[in-house]
Amino acid sequence: NALLKELEHEDERFPFEIQEEVGQGAIGIVYRARQKSLDRPIALKILKSEYAQDAALVEQFLKEARSSAKFNHVNVVQGLDAGPYMATYYFAMELIDGPSLEQLLKKRRHLRISEAVSIAVQVARALEYAEKIGVVHRDIKPDNILVAKDGTAKLCDLGMARLAVSDDTIKVGTAIGTPYYMSPEQARGSADVDARSDIYSLGATLYHMVTGEPPFKGKAAQEVLRRQLTETIPDPRIKNPDVSAPLALIIAKMMAKELS
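Let us now look at the environment of Leu-249. Its place among the elements puts Leu-249 in helix H9 (residues 245-254). Residues Leu-249 and Asp-235 lie 14 residues apart in sequence; the distance between their C-alpha atoms is 8.9 Å.

Put into structure tokens, the structure is as follows:
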């Protein structure tokens with residue numbers, strides 16, 4: 001795009017050498033890049049130029065960088081640098097040599113039980129750390145979990161209360177998240193969501209990992225939200241007999257509507 005060409009041909013003040021595009025989100029484009037000062041590979045997210053004048057979206061973009069800077073955890077993508085440059089904003093972060101969990105599930109439908117449990121445990125450790133420093137993710141889902149080649153799971157997009165609307169992310173009142181993985185309190189638009197909300201979403205993600213689909217589906221987002229609010233999750237063993245009774249119980253407990 002025009003902005004990328006400007007950055008590539010700008011003088012040496014720009015601290016990164018952009019190499020190739022690796023993905024796009026609702027408001028940003030992610031590139032593989034090289035940090036010139038340390039000669040190391042990084043992932044560089046650049047705010048799309050059409051949003052650079054939107055103060056709320058700029059704040060959300062920089063909020064991700066600030067949140068990631070609070071973390072020093074093996075299962076969280078580490079933020080490195082962020083700021084304005086020319087007519088836009090950038091966020092430099094650790095480069096992960098592997099796909100997102102969403103990409104893995106599209107390719108393989110569901111994962112081996114041992115692999116799914118390993119990823120869930122690693123993300124749970126990241127969430128345990130997040131709770132200790134007072135961060136609630138609010139959007140745990142396969143697309144926000146990266147899996148390195150050595151099997152290390154890395155949580156990204158920490159602390160993002162999304163304002164942008166994409167194909168699978170909606171805003172209803174004050175409810176922000178992804179319907180397939182959204183907790184009941186988020187679906188109700190509660191302002192005081194805490195770590196329990198992230199546990200619910202991780203449970204929905206684990207269900208998807210072992211069965212090949214989210215626990216609740218529907219023709220429209222509102223139908224999915226209604227089911228999140230009112231229905232008990234289906235037994236994952238119906239869709240995958242390899243799921244053990246203890247694992248099914250753990251998923252059910254993670255996705256319980258009320259504590260028992």
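Here the focus is the packing of helix H6 (residues 195-211) against H9. The geometry of H6 relative to H9 is characterised by a closest axis approach of 8 Å and an angle of 145° between their N-to-C directions. Judged by the sense of rotation from one axis to the other, the crossing of H6 with H9 is left-handed. Along the contact surface, H6 presents Ile-199, Tyr-200, Leu-202, Gly-203, Leu-206, Tyr-207 and Val-210, while H9 presents Leu-247, Ile-251 and Met-254.

Moving on, we come to the pairing of strand S1 (residues 16-24). In terms of strand pairing, S1 meets strand S2 (residues 28-35) through seven bridges, oriented antiparallel. Looking at S2, one finds that Ile-18 is bridged to Ala-33. Counted between consecutive antiparallel strands, the loop separating S1 from S2 contains three residues.

What follows is about the pattern of salt bridges. Using the criterion set out here, one finds 17 salt bridges in the structure. Among the ionic pairs, Lys-45 bridges to Asp-157, the shortest N-O distance being 3.5 Å. Placement of Lys-45 in strand S3 (residues 40-47) and of Asp-157 in the loop between strand S7 (153-155) and strand S8 (170-172) is noted, with a sequence separation of 112 residues between them. The burial state of Lys-45 is the same as that of Asp-157; both residues are buried. Here Glu-213 makes a salt bridge to Lys-239, at a shortest N to O gap of 2.5 Å. Within this pair, whereas Glu-213 is found in the loop between H6 and helix H7 (221-230), its partner Lys-239 is found in helix H8 (residues 236-239), the two being separated by 26 residues in sequence. Judged by its relative accessible area of 37%, Lys-239 falls in the partly exposed class.

As a further point, take the environment of Leu-127. Along the chain, Leu-127 turns up in helix H4 (residues 113-132). Here Leu-127 is in contact with Ile-140, Leu-155, Asp-198 and Leu-202, once residues within four sequence places are set aside.

Take the side chain of Asn-240 next. Note on placement: Asn-240 falls in the loop between H8 and H9. Reaching out from Asn-240, the side chain makes a polar contact with the backbone oxygen of Val-210 at a distance of 2.7 Å. Setting aside residues up to four positions removed in sequence, Asn-240 forms contacts with His-110, Ile-113 and Val-210.

A word on H4. An α-helical segment advances 3.6 residues per turn. Residues three or four places apart therefore align on the same side. Given a rise of 1.5 Å per residue, 20 residues ought to cover 28 Å, and the 29 Å separating the end C-alpha atoms of H4 matches this to within 8%. Listed in full, the buried residues belonging to H4 are Glu-115, Ala-116, Ile-119, Ala-120, Gln-122, Val-123, Ala-126, Leu-127 and Ala-130. Seen along its axis, H4 keeps its buried residues to an arc of 160°; they face one direction. Facing away from the buried surface of H4 by more than 90 degrees, the exposed residues are Ser-114, Glu-131 and Lys-132. Check the buried side of H4 and you find it contacts helix H3 (101-108), strand S6 (145-147), S7 and H6. Directly beyond the C-terminal end of H4, a positive phi value near 80° is found at Gly-134.

This part covers the confidence of the model for the protein. Considering every residue of the protein, the mean pLDDT works out to 86; 87% of them sit at 70 or more. A low-confidence stretch, residues 161-175 stays under pLDDT 50, and its non-local contacts, those more than four residues away or across chains, total 40 contacts.

Before going further, it helps to examine the environment of Leu-47. In this fold, Leu-47 is placed in strand S3. Taking the C-alpha atoms as reference points, Leu-47 and Phe-61, separated by 14 residues in sequence, lie 7.3 Å from one another.

Reading guide: rules and limits
- Residues numbered from 1 in each chain as written.
- Predicted model: local features only at pLDDT ≥ 70, side-chain atom pairs only at ≥ 80, totals over all residues.
- Heavy atoms only, no water.
- Helix = DSSP H or I, 4+ residues; strand = E, 2+ residues; numbered from the N terminus.
- Axes fitted to C-alpha atoms, helices over the stretch in contact; angles between N-to-C directions.
- Left-handed = near helix turned anticlockwise from the far one by under 90°.
- Contact = heavy atoms within 4.5 Å.
- Pairing = 2+ DSSP bridges.
- Salt bridge = Lys/Arg side-chain N within 4 Å of Asp/Glu carboxyl O.
- Buried < 20%, exposed > 50% of the residue type's maximum accessible area, 1.4 Å probe, protein only.
- Polar contact = N/O pair within 3.5 Å; in protein donor to acceptor, adjacent residues only side chain to side chain.
- Expected span 1.5 Å × (residues − 1).
- Arc of directions from axis to C-beta.
- pLDDT = per-residue confidence, 0-100.

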